[in-house]
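# Coordinate analysis (summary)
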Amino acid sequence: MHTYIIGTGHSRFGKLEQSLEELIAQVAIEALESSGTDPEEIDAVYIGHFNSGMCDQEFPASLVLNALPGLRFKPCTRVENACASGSAAIHQGINLIAGGLARKVLVIGAEKMTQADAKRIGKGLLGASYQPEAQGETAGFAGLFARIAQQYFDTHGDHSHELAKIAAKNHANGVHNPLAQFQKALDIDFCHTQSERNPVVSGPLKRTDCSPVSDGAAALVLAADNVSRAAPQRVRFLARAHTTDYMPMSKRNPLILEGATLAWKKVLCDADVTLDDLAFAEVHDCFTIAELMIYESMGLTPYGKGARALNEGWVYKDGRLPINPSGGLKSKGHPVGATGVSMHVMAARQLLEQAGGCQIPGARLGAVFNMGGLAVANYASILVRDSE
Ligand code: COA
């Protein structure tokens, strides 16, 4: 049983005036309208949402009903899996359709972060780490990725220039994304140089190595094969994978994102494709070091050699495998619970030739990789344009 994306919705990301409820309503309405679906036709709603104390409005599962009363009395459920909450919600929807329990599912990802103060945000995000190992960490999640970056540098040499290249690449891509939080190019020198406007956040990571704090939402309508044929547009899940790794870093090799590697291997194998078949990938660049290590996990380069993918130009928009043509989390923004849904929406729009200035010409096959925590929750998808 195949599952299709037949409609998408996406808010602007950034520091927004809209409330969580308004963001949810905006993207849900847009996704339903673009799929030609009435709310009454939806069998279930899943909403990816992290929160972790950053927003007073907890328990968001039913908020969408206020704008779409046709959804009243449908099963609506919040799904939480840290920064991968959005992908986790998508997987719940696919499972329901695959099990024959639903024909159309509305999946929303939403987060409201910017109204909280920095301390509350830092504490909330750190909630997604293993508490005994996060004690005393003052730089929030950036501090944890900074430890990994430092270990990577200690083993493979200083890669701060490559991290700056990743930041500059994703900011350059984000310039063409009208929904991105930052639509401003930052050059490699600016990203590489510590300055008042680009201070050190923790260890080797500067501000430009971090995804920002963001508000935003995204939504999509999933449909089973038999009901998706009438849809004006559709993109098929060719394969999807989900792996979970130990939370304590002390139980893992910090130089390898093993759960990510397994998720990539599984999804490529199940889809029966190779990286060479992909036109692009949207991957989880919550910090630039994460994107560098994901090149290695996906099999683009051997471990420790991720820099090659940059230095040989493979991951740029006109390269062999463009990575994060939407601007990625780094430039598009990272409203935690929305991110996984946003990545799938951006990928679906690429495949439907609706990506505007971010479009990769002729894209037919694309991948998404979204992770929660320090590569604890790992979700990979391969999406294909449906030409039936
Ligand atoms: N990248 C580039 N520029 C950024 C930025 C980022 N991540 N974050 C903020 N800026 C810019 C702002 O737009 C602002 O620019 P302006 O002066 O031209 O308006 C300037 O930097 C200052 O913004 P401010 O919000 O005061 O920055 P900050 O130093 O308080 O916060 C971080 C920057 C990186 C610490 C913050 O964005 C952060 O904590 N990011 C990580 C979030 C996270 O951990 N997410 C979970 C990942 S798993």
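Looking up the protein chain in an unreviewed UniProt entry gives the name Acetyl-CoA acetyltransferase, with the organism given as Marinobacterium marinum.

Another aspect to go through is the environment of Ala 377. Note that Ala 377 resides in strand 11 (residues 377-385). Under the relative-accessibility criterion, Ala 377 is labelled buried at 5%. Sequence separation between Ala 377 and Leu 126 is 251 residues, and the spatial gap between their C-alpha atoms is 15 Å.

Secondary-structure assignment places Asp 215 in the loop between strand 6 (205-206) and strand 7 (216-224). The class for Asp 215 is buried, based on a relative accessible area of 0%. For Asp 215, the side chain forms a polar contact with the side chain of Thr 114, separated by 2.6 Å.

The final tally for this structure, using the stated rule, is three aromatic pairs. Considering the side-chain rings of Trp 264 and Phe 369, the 6.0 Å spacing of their centres and the 35° angle between planes classify their relative orientation as tilted. Of this pair, Trp 264 sits in helix 10 (residues 258-271) while Phe 369 sits in strand 10 (residues 365-372), placing them 105 residues apart in sequence. Residue classification places Trp 264 among the buried residues on the basis of a relative accessible area of 1%. Taking the relative accessible area as the measure of exposure, Phe 369 reaches 0% and is therefore buried. Members of the aromatic cluster, connected to one another through ring pairs, are Phe 141, Phe 145 and Phe 287. Over the aromatic face of Trp 314 sits the side chain of Arg 320, whose NZ or CZ is 4.2 Å from the ring centroid.

This part covers the nonpolar core. One finds Leu 106, Ile 108, Phe 145, Leu 222, Trp 264 and Ile 289 to be the most contacted residues of the largest nonpolar core, which totals 129 residues. The greatest single-element share of this core, amounting to nine residues, is contributed by helix 6 (residues 140-156). In this view, Leu 222 contacts Thr 3, Tyr 4, Ile 5, Ile 90, Gly 93, Ile 94, Ile 97, Arg 103, Lys 104, Val 105, Val 107 and Phe 237; residues no more than four positions away in its chain are not counted. Membership of the second largest hydrophobic core comes to five residues, among which are Ala 164, Ala 167, Ala 168 and Leu 186.

Reading the values: rules and limits
Residues numbered from 1 in each chain as written. Predicted model: local features only at pLDDT ≥ 70, side-chain atom pairs only at ≥ 80, totals over all residues. Heavy atoms only, no water. Helix = DSSP H or I, 4+ residues; strand = E, 2+ residues; numbered from the N terminus. Buried < 20%, exposed > 50% of the residue type's maximum accessible area, 1.4 Å probe, protein only. Polar contact = N/O pair within 3.5 Å; in protein donor to acceptor, adjacent residues only side chain to side chain. Phe/Tyr/Trp six-rings, centres within 6.5 Å; stacked < 30°, edge-to-face > 60°. Lys NZ or Arg CZ within 6 Å of the ring centre and 35° of its normal. Core = buried A, V, L, I, M, F, W, Y, C linked by side-chain atoms within 4.5 Å. Contact = heavy atoms within 4.5 Å.

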